Amino acid sequence: MPPENESIAYDVAIIGGAMSGAATALLLKRERPELRILIIEKSGAFGRRVGEATVEVSTYFLTKVLGLTQYLNESHLVKQGMRFWFFNGETRHLDECSEIGGRMLSRLISFQVDRARLDQEVLDRAVRAGVELWRPSDVTNVELKAGGAQKLQVRRDGETRTVSARWVVDASGIAAILARRNGWFRANTEHPTAAAWSRWKNVKDWDGAELGAKFPKWQRACFGIRGTATNHLVGDGWWAWLIPLKGGDTSVGVVLDQRLAQLPEEGPIGERIKRFLSQHPVAKELLADAQWEEGDVHWRKNLPYYSTTFAGDGFALVGDAGAFIDPFYSPGLDWISFSCLSTVRLILAQQKGEEPLAPLVERHNRAFGASYERWFRGIYKDKYEYMGEFDLMRLAFVLDIGLYYTGVVSQPYRRGPESYYEPIFSTIPSVPFYWLMRTYNRRFAAMARDRRRRQARGRANAGRRFLFPGFSFSLPTHLRITRSLAGWAWLELTEGWRTWFRGEQTAPRPALAAVSPS
């Protein structure tokens with residue numbers, strides 16, 4: 001080992017060895033095996049993380065780009081789309097709750113993944129490809145120099161090492177080392193969400209004999225598999241996920257808009273999650289005998305944030321180190337896919353010296369800044385206002401997913417990995433679709449606020465079932481989008497007119513009780 005403070009030179013130093021860092025390293029090594037790449041990972045082993053669902057864009061990245069298809073089939077679960085469950089004062093049992101979901105199996109592949117295992121697999125592949133790994137090691141300081149050697153101070157085995165690299169890639173997740181230390185970090189205060197989650201044992205089998213005997217008509221309504229879908233339980237200002245994991249555990253978590261809903265204040269977080277979710281008949285049934293795993297319970301407030309800078313001549317931010325919006329619709333791995341491949345392209349452009357780097361960096365920052373802003377305003381801003389309304393969410397879900405398939409998912413399947421160089425909503429042709437999505441999202445939120453004012457919330461949440469054959473790139477999906485747009489127009493004429501001449505409002509923020517992990 002070199003003496004303390006001796007500089008060690010690399011082409012690329014990556015802070016963080018989980019998915020975004022390991023994937024970036026692996027892709028760089030495949031393109032240019034001669035690159036000297038170092039991954040600096042703080043943890044000795046990845047801790048058990050929240051169960052996570054991939055969606056179609058990130059699945060293409062994992063399977064077609066990283067080449068993990070066989071591994072994912074062997075070590076994780078094939079996902080059967082998304083399902084949503086609604087309730088109101090009339091619902092007493094699971095089968096009475098309104099439902100949105102597929103009637104058949106999903107058309108395109110996606111997975112329910114154990115992130116710690118998946119991250120470790122990608123990191124192992126990067127190391128086998130020739131990437132050097134320092135673990136556990138802690139980056140204590142980073143000095144950036146545009147166009148020169150970046151300097152990192154790294155604490156390893158009780159000693160400090162100085163590492164120099166032409167590129168530093170920040171893949172440190174929510175630690176967001178470069179963004180925080182350089183003043184680029186911004187909290188997204190327009191979206192004050194919080195989340196609590198854990199792994200659970202003994203969650204009832206959605207497709208098992210017990211529930212089938214208890215609710216036979218309900219079971220026969222779905223021809224596919226409910227249990228391996230990402231099941232969303234939704235209420236006024238909140239939603240919860242139930243994600244099954246290979247081996248029998250279930251990831252259970254709840255996300256709340258802190259202006260509209262809060263967890264109970266007393267007791268351990270796992271107990272608070274169960275008490276909060278037990279207001280929903282589906283959770284009351286599925287979690288009746290379930291128990292959270294002690295030591296694997298988590299709580300985080302004020303989830304969304306972003307960086308005002310995503311890259312420069314010598315550094316780049318990938319994955320959660322650059323931004324995070326919301327876990328709803330599982331966009332995190334999509335963001336990793338776009339940011340990793342775009343960063344790889346940036347580094348390789350500098351290494352090859354075939355074109356000026358400054359315009360590429362400027363385009364990178366502009367694209368990812370616009371993508372975050374439009375992704376948030378088009379899909380997530382004030383969505384929690386109407387998330388618990390079956391009829392509004394039915395329209396929003398079909399439009400959100402239908403347009404996602406048509407404009408985003410179709411691109412890698414038709415154009416290949418180069419489509420990831422264009423983050424969502426960052427290109428001129430995508431702007432009209434952004435405005436469309438932003439408009440109906442704002443209108444549905446306004447209608448939901450009006451329903452709250454009139455005490456008319458959740459009237460369609462009992463006894464309704466919207467089971468569809470699945471999304472694809474074909475005509476049926478386009479027709480479904482058209483019908484949903486017509487449904488939106490009808491809703492405006494029959495109900496939305498009440499809010500046409502009111503200024504835009506948002507939910508008031510209540511005084512928040514201090515919540516700390518227990």
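These numbers come from a predicted model, not from an experiment.

Draft legend 1. A look at the overall build of the protein chain. The helix and strand tally for the protein chain stands at 14 helices and 22 strands. In summary, the protein chain has a C-alpha radius of gyration of 23 Å against a globular reference of 24 Å for 518 residues, a match within 12%. Projected onto its principal axes, the C-alpha positions of the protein chain cover 70 × 50 × 45 Å. For the protein chain, the proportion of its 518 residues judged to be buried stands at 59%. Counting contacts in the protein chain only where the partners sit at least 6 residues apart, residues at least 24 apart contribute 78% of the total. A total of about 20800 Å² of accessible surface is found on the protein chain, and carbon and sulfur atoms cover 52% of it. Separation of charge centres in the protein chain, based on 70 positive and 57 negative side chains, amounts to 5 Å.

Draft legend 2. Spatial organisation of the nonpolar core. Within the largest apolar cluster, 114 residues are counted, with the highest numbers of intra-cluster contacts made by Phe61, Phe84, Phe397 and Phe444. The element best represented in this core is helix α12 (residues 390-415), accounting for 14 residues. Apart from residues no more than four positions distant in its own chain, Phe397 is found in contact with Met82, Phe84, Ile100, Tyr329, Gly402, Phe468 and Phe471. Counting residues in hydrophobic clusters, the runner-up holds 31 residues, among them Trp200, Leu211, Ile269 and Val282.

Draft legend 3. Fine view of unusual backbone geometry. Each neighbour pair has its own omega, and for Arg135 with Pro136 the value is -5 degrees, a cis peptide bond. Within the element layout of this structure, Pro136 appears in the loop between β8 (132-134) and β9 (137-143). Within the chain, Asn202 stands out as a residue other than glycine whose phi angle is a positive 65 degrees.

Draft legend 4. Local environment of the pattern of salt bridges. Evaluated as defined, the whole model comprises 39 salt bridges. Salt-bridge contacts for Glu99 lead to Arg465; the nearest nitrogen and oxygen are separated by 2.6 Å. Residue Glu99 is found in strand β6 (residues 98-102), and its partner Arg465 is found in strand β22 (residues 465-468); the two are separated by 366 residues along the sequence. On the accessibility criterion, Arg465 (30% relative accessible area) is partly exposed. A salt bridge links Asp236 to Arg452; its shortest N-O distance comes to 2.7 Å. Of the two residues, Asp236 is situated in the loop between β14 (230-235) and β15 (238-244) and Arg452 in helix α13 (residues 431-453); the sequence distance between them amounts to 216 residues. Residue Asp236 is classed as partly exposed on the basis of its relative accessible area, which comes to 34%. Overall, Arg452 belongs to the partly exposed group, its relative accessible area being 27%.

Draft legend 5. Structural context of the sheet that holds strand β5 (residues 82-86). In space, the 8 strands of this open sheet follow the order β17-β13-β16-β15-β14-β5-β6-β22, with mixed pairing throughout. In this open sheet, the two edge strands, each paired with only one partner strand, are β17 (291-300) and β22. Going across the sheet, the axis of each strand differs from the next one's by a mean of 15 degrees, ignoring polarity. Relative to strand β16 (residues 250-257), β15 runs antiparallel, the two sharing 7 bridges. Paired with Ala240 across the strands is Val254, a residue of β16.

Draft legend 6. Highlighting the pairing of strand β11 (residues 159-170). Counting buried positions along β11 gives 11 out of 12 residues, so the element sits mostly inside the fold. Pairing of strand β10 (residues 150-156) with β11, which is carried by 7 bridges, proceeds in the antiparallel orientation. Bridging from a neighbouring strand, Gln150 pairs with Ala165 of β11. Hairpin remark: β10 followed by β11, antiparallel, with 2 residues in the connecting loop; positive phi at Asp157, about 55 degrees. Bridge count for β11 against strand β20 (residues 315-317) is 3 bridges, and the pairing is parallel. Bridging across to β20, Val169 finds its partner in Ala316.

Draft legend 7. Structural detail: the environment of Pro268. Residue placement: Pro268 occurs in the loop between β16 and α8 (269-277). Residues Pro268 and Val297, 29 residues apart in the sequence, show an inter-C-alpha distance of 9.0 Å.

Draft legend 8. View of the sheet that holds strand β18 (residues 305-307). If you walk across this open sheet you meet the 3 strands as β12-β18-β21, and the pairing is antiparallel. Each edge of the open sheet carries a strand with a single partner, namely β12 (185-187) and β21 (323-324). Alignment of β18 against β21, held across 2 bridges, turns out to be antiparallel. Within β21, the residue paired with Tyr305 across the bridge is Phe324.

Draft legend 9. Structural detail: helix α14 (residues 475-494). For α14, built from 20 residues, the straight-helix expectation of 28 Å at 1.5 Å per residue is met to within 8% by its first-to-last C-alpha distance of 29 Å. Within α14, the full set of buried residues consists of Thr477, Arg480, Ile481, Ser484, Trp488, Leu491 and Glu492. The buried residues of α14 all sit within an arc of 120 degrees when viewed along its axis, so they share a single face. Facing away from the buried side of α14 by more than 90 degrees, the exposed set consists of Leu475, Arg483, Trp490 and Leu493. For α14, the secondary structure elements touched by its buried residues are α12, α13 and β22.

Draft legend 10. Examining the packing of aromatic side chains more closely. For the coordinates displayed, the defined rule picks out 38 aromatic pairs. Note that Arg103 overlies the ring of Phe223, its terminal NZ or CZ placed 5.5 Å from the centroid. The ring of Tyr434 has Arg374 lying over it, and the distance from NZ or CZ to the ring centre is 5.9 Å.

Draft legend 11. Spatial organisation of the pairing of β16. Buried residues dominate β16, accounting for 8 of its 8 residues. What you see with β16 is no split at all: Thr250, Val252, Val254 and Leu256 on one side and Ser251, Gly253, Val255 and Asp257 on the other are buried throughout. Bridge analysis of strand β13 (residues 193-201) against β16 gives 8 bridges, and the strand direction is antiparallel. Opposite Trp197, over in β16, you have Gly253 as the bridge partner.

Draft legend 12. Looking closely at a nonpolar patch on the surface. A grouping of Trp490, Leu493, Trp497, Trp500 and Phe501 is seen on the molecular surface, where their side chains present a nonpolar patch of about 720 Å² in accessible area. Relative to the elements of secondary structure, Trp490 occurs in helix α14.

Procedures and definitions
- Residues numbered from 1 in each chain as written.
- Predicted model: local features only at pLDDT ≥ 70, side-chain atom pairs only at ≥ 80, totals over all residues.
- Heavy atoms only, no water.
- Helix = DSSP H or I, 4+ residues; strand = E, 2+ residues; numbered from the N terminus.
- Rg over C-alpha atoms; globule rule 2.2 N^0.38 Å.
- Buried < 20%, exposed > 50% of the residue type's maximum accessible area, 1.4 Å probe, protein only.
- Contact = heavy atoms within 4.5 Å.
- Areas by Shrake-Rupley, 256 points an atom, 1.4 Å probe, with all protein chains shown as cover.
- Lys, Arg positive; Asp, Glu negative; His and termini not counted.
- Charge placed at Lys NZ, Arg CZ, Asp CG, Glu CD.
- Core = buried A, V, L, I, M, F, W, Y, C linked by side-chain atoms within 4.5 Å.
- Salt bridge = Lys/Arg side-chain N within 4 Å of Asp/Glu carboxyl O.
- Pairing = 2+ DSSP bridges.
- Axes fitted to C-alpha atoms, helices over the stretch in contact; angles between N-to-C directions.
- Expected span 1.5 Å × (residues − 1).
- Arc of directions from axis to C-beta.
- Phe/Tyr/Trp six-rings, centres within 6.5 Å; stacked < 30°, edge-to-face > 60°.
- Lys NZ or Arg CZ within 6 Å of the ring centre and 35° of its normal.
- Patch = residues over 30% accessible without salt bridge, like charges linked within 9 Å, V, L, I, M, F, W, Y side chains within 5 Å.

In short, geometric facts, not functional conclusions.
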